[in-house]
Amino acid sequence: MMRLQQSGREELPLRGGRREARGPDLISFLPDAVLCSVISLLPIKEGARTQILSSRWRPLWRSAPLNLDTCGRSISKAVLSRILSGHRGGARCFNVSYSVLGGDSATLDGWLRSAALDNLQELDFWFSSSASPRPLVPHSTLRFSSTLRAAKFNYCKFPDDTAHQIHFPNLQQLQLCSATISEDSLHAMLAGCPVLDRFELTYGHEGPPRPLMPPAALSFSSTLCVAKFVRCRFPNTAACQVHFPSLQHLELEMVTIRECSLHAMLSSCPALNSLILNYTYGFNQLIINSPKLKRVEMYFGRSDTEIRLDELIVVNAPCLEILHHRGPYEDSMEITIISARKLKVLGRITESIFRLELCTTVFNGLHDVRVATVMRSVKVLSLRLDYLNLDVITNFMKCFPCMEKLYIKTYLMDDENFQLHDYKDHLECLDLHLKKLRISYYHGTRSHVEFAKFFVLNARVLESMVLDVEHTKKGDDWWFENQRRQLKLGKRASIVLKLFLLQIIVSITLRTFTSFQIHVNWDVEAGLSCVVLYPNSELCCL
């Protein structure tokens, strides 16, 4: 007979001559309101499955706040209607995808009127992008004005009468994706969101020219911290007249904006700490003069019609830690860094760069260098070179003596004039700091082997070397063994802990490269892990 001991533990019947004991089901002693909150945090399927735990849990599912998300799930309109009609506990989140909704605005309106969605906090619906004309946003959306915290409206049209009535006093996140809305309605909508924290405006894939974003899109609340604009043209006058006192993250993707407008906009963001420019055009020069900016990332592609960035000048950025630029192969941008004393990550510097000026150190291209000062704050450097050139690398190691991670992408197979110089001078970077080296498009030719071997023999604290090779080498055990022999892994300069390194490398490979074949060549005497990967695999690097 089972009885509860004074210690609070259940004593179970004898089983196999032994008495088993286990703790009481303390979770089931919690109040219904707490258990319902727990269930509401689970995905809908897992939440429904809690009914099988015990009779105590069976009625809780129907009274718990509903998190209804159809994305990535096969669910019909009929099933969704039954869930809403049978649920008594209200809803916290309602997310319905285009695969369920199609272009059916009337059905959505019926769902939004369901009592199960009372006190809804998050609303996200996607109509089909092929629906023509755009389905109308249901008028029933307005009934969530006092409770809604996050809203995403995708591939829909706002009737003017509905948009002017929208007032969401508690709305913190708003996303409009390919939504048709008049300028007056957009202004009224943003004015009705006084505590808006995050705003994203995305236009459709219409061909050039990109649609002109209405000035009203920049009239959001002074509380806004994150803003993202995608596939549009910025209005010239509006961008020069705005003020965003709380904006911390600004992202422009496939946006055309004039140089004066961009600089005016940046100067109006005193709290900005992150700037992302993805395929953004319309300006030749970008000047960064920001007291709190920590991260700048820029990605540019080829364009025969757009004005593209040619010159980047960092005048004063005392908090800047990451400066990452990625452009087309022929990118010949000029970069000048006057003051960025906390800069840690710099990339991607290209072979075709016209000029790189780091304080008083000047690179006219990458081969004509005058190293006058050093930047000890830089820990990570990313380069893109035609050929692996050791002179270029050593100049950067002199300029950044505390560099710990070096990422190099090369395109050409071999350099007939490659010579491995005998460097007599000790480099602080090689002796004390460089721990990780990655070479992309490694071919295993003589110059590539000699280049990699230089670091094998001279980098005294090197922990890992990652070589990305072409897929044709897959399964070629002789090639891998030959590379290991030529790299002289048995003559390592590193004196770091071998087992500690092995643990790190293996954990990285298991976590990051589960879908790729990886060769880990481990030399116990040498203390080096040489990881050879295949194309399209990515480390956490630039």
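Residues numbered from 1 in each chain as written. Predicted model: local features only at pLDDT ≥ 70, side-chain atom pairs only at ≥ 80, totals over all residues. Heavy atoms only, no water.

Taking an unreviewed UniProt entry as the reference, the chain is identified by name as FBD domain-containing protein belonging to Urochloa decumbens.

Caption draft 1: Helix α14 (residues 477-486), seen in detail. Taken together, the buried positions of α14 are Trp479, Phe480, Asn482 and Gln483. With its buried residues spanning 160° around the axis, α14 presents them on a single face. Residues of α14 that are exposed and point more than 90 degrees away from the buried face comprise Asp477, Trp478 and Arg485. Following α14 by one or two positions, Lys488 has its phi on the positive side, about 55°. (Buried < 20%, exposed > 50% of the residue type's maximum accessible area, 1.4 Å probe, protein only. Helix = DSSP H or I, 4+ residues; strand = E, 2+ residues; numbered from the N terminus. Arc of directions from axis to C-beta.)

Caption draft 2: Fine view of the state of the cysteines. Counted under the stated rule, the structure contains zero disulfides. The structure places no disulfide on Cys399, whose sulfur is separated from the nearest cysteine sulfur, that of Cys359, by 8.1 Å. Under the relative-accessibility criterion, Cys399 is labelled buried at 0%. Take Cys402: it sits in no disulfide, and the sulfur closest to it among the cysteines is that of Cys429, at 8.3 Å. (Disulfide = S-S within 2.5 Å.)

Caption draft 3: Structural context of the nonpolar core. Core analysis: the largest hydrophobic core is formed by 130 residues, its most contacted members being Phe94, Phe229 and Phe455. Residue contacts for Phe94: discarding those within four places in its chain leaves Leu68, Leu80, Leu84, Leu108, Trp111, Leu112, Leu117, Leu120, Glu122, Leu123 and Asp124. (Core = buried A, V, L, I, M, F, W, Y, C linked by side-chain atoms within 4.5 Å. Contact = heavy atoms within 4.5 Å.)

Caption draft 4: Expanded view of unusual backbone geometry. With an omega of 0°, the peptide bond running from Ser132 to Pro133 counts as cis. Tracing the backbone shows Pro133 in the loop between β6 (122-126) and β7 (150-154). A cis geometry characterises the amide bond from Gly347 onward to Arg348, with omega recorded as -10°. Mapped onto the fold, Arg348 is located in strand β18 (residues 345-350). Here the phi dihedral of Ser178 falls at roughly 50°; this positive angle occurs in a residue that is not glycine. Checked against the element boundaries, Ser178 lands in the loop between β8 (173-177) and α8 (183-191). Phi is positive for Tyr441, which is not a glycine, with a value near 60°. Relative to the assigned elements, Tyr441 resides in the loop between β24 (436-440) and α13 (446-458). Residue classification places Tyr441 among the partly exposed residues on the basis of a relative accessible area of 44%.

Caption draft 5: Region of the structure containing the pairing of β6. Judged from the four bridges that link them, strand β5 (residues 91-96) and β6 form a sheet pairing that is parallel. Bridge pairing in β6 links Val96 to Phe125. (Pairing = 2+ DSSP bridges.)

Caption draft 6: Summary view of α13. With 13 residues, α13 should reach 18 Å at 1.5 Å per residue; the first-to-last C-alpha distance of 18 Å fits that figure. Of the positions making up α13, those classed as buried are Ser447, His448, Val449, Glu450, Phe451, Ala452, Lys453, Phe454, Phe455 and Val456. (Expected span 1.5 Å × (residues − 1).)

Caption draft 7: Just the confidence of the model for the chain, in detail. Looking at the chain, the pLDDT average stands at 79 and 79% of residues meet or exceed 70. Of the regions scoring below 50 in pLDDT, residues 1-15 engages in 27 contacts with residues more than four places distant in sequence or in other chains. Every residue in residues 495-542 is under pLDDT 50, and counting partners more than four places away or in other chains gives 112 contacts. (pLDDT = per-residue confidence, 0-100.)

Caption draft 8: Layout of the sheet that holds strand β20 (residues 361-364). Read from one edge of the open sheet, six strands run β13-β15-β17-β19-β20-β21, paired in mixed fashion. If you trace the sheet from one side to the other, it starts and ends with β13 (285-289) and β21 (368-370), each paired once. With strand direction ignored, the average angle separating the axes of adjacent strands in the sheet is 5°. Taken together, the four bridges between strand β17 (residues 334-337) and strand β19 (residues 355-358) define a ladder with parallel strand orientation. Considered in β19, the bridge of Ile335 is made with Leu356. Along the sheet, helix α11 (residues 390-399) contacts β19, β20 and β21; its crossing angle with β20, the most-contacted strand, is approximately 160°. (Axes fitted to C-alpha atoms, helices over the stretch in contact; angles between N-to-C directions.)

Caption draft 9: Molecular detail of the pattern of salt bridges. Using the criterion set out here, one finds 12 salt bridges in the structure. Here Arg113 and Asp109 are joined by a salt bridge, their closest N and O atoms 3.0 Å apart. Look at Arg113 and you get exposed, because its relative accessible area is 51%. Residue Arg438 pairs with Asp468 through a salt bridge whose shortest N-O separation is 2.6 Å. Of this pair, Arg438 sits in strand β24 while Asp468 sits in strand β25 (residues 464-468), placing them 30 residues apart in sequence. (Salt bridge = Lys/Arg side-chain N within 4 Å of Asp/Glu carboxyl O.)

Caption draft 10: Inspection of the packing of α11 against α13 at higher detail. Between α11 and α13, the least distance of the axes is 11 Å, while the angle of their chain directions is 35°. On the side of α11, the interface is formed by Leu390, Ile393 and Met397, while α13 contributes Phe451, Phe454 and Phe455. Along the lines of polarity and charge, the residues of the contact of α11 with α13 split into six nonpolar, no polar and no charged. (Nonpolar A, V, L, I, M, F, W, Y, C, P; charged D, E, K, R; others polar.)

Caption draft 11: Structural context of the pairing of strand β11 (residues 249-256). Most of β11 sits inside the fold, with six of its eight residues counted as buried. Alignment of strand β10 (residues 226-233) against β11, held across seven bridges, turns out to be parallel. Looking at the pairing, Val226 lines up with His249 of β11. Two elements, β11 and strand β12 (residues 274-278), share five bridges in a ladder whose sense is parallel. In the sheet register, Leu252 faces β12, and the bridge partner there is Leu277. With helix α10 (residues 259-267) bridging β11 and the parallel β12, this β-α-β connection has right-handed handedness. (Right-handed = clockwise from strand over helix to strand, strands pointing away.)

Caption draft 12: Highlighting the packing of aromatic side chains. Taken as a whole and assessed by the stated rule, the structure comprises 14 aromatic pairs. Between Phe94 and Trp111, the ring centres sit 6.4 Å apart and the planes meet at 80°, which makes this aromatic pair edge-to-face. Of the two residues, Phe94 is situated in strand β5 and Trp111 in helix α6 (residues 105-112); the sequence distance between them amounts to 17 residues. An aromatic cluster of at least three residues, connected via ring pairs, comprises Phe125, Phe127, Phe153 and Phe158. (Phe/Tyr/Trp six-rings, centres within 6.5 Å; stacked < 30°, edge-to-face > 60°.)

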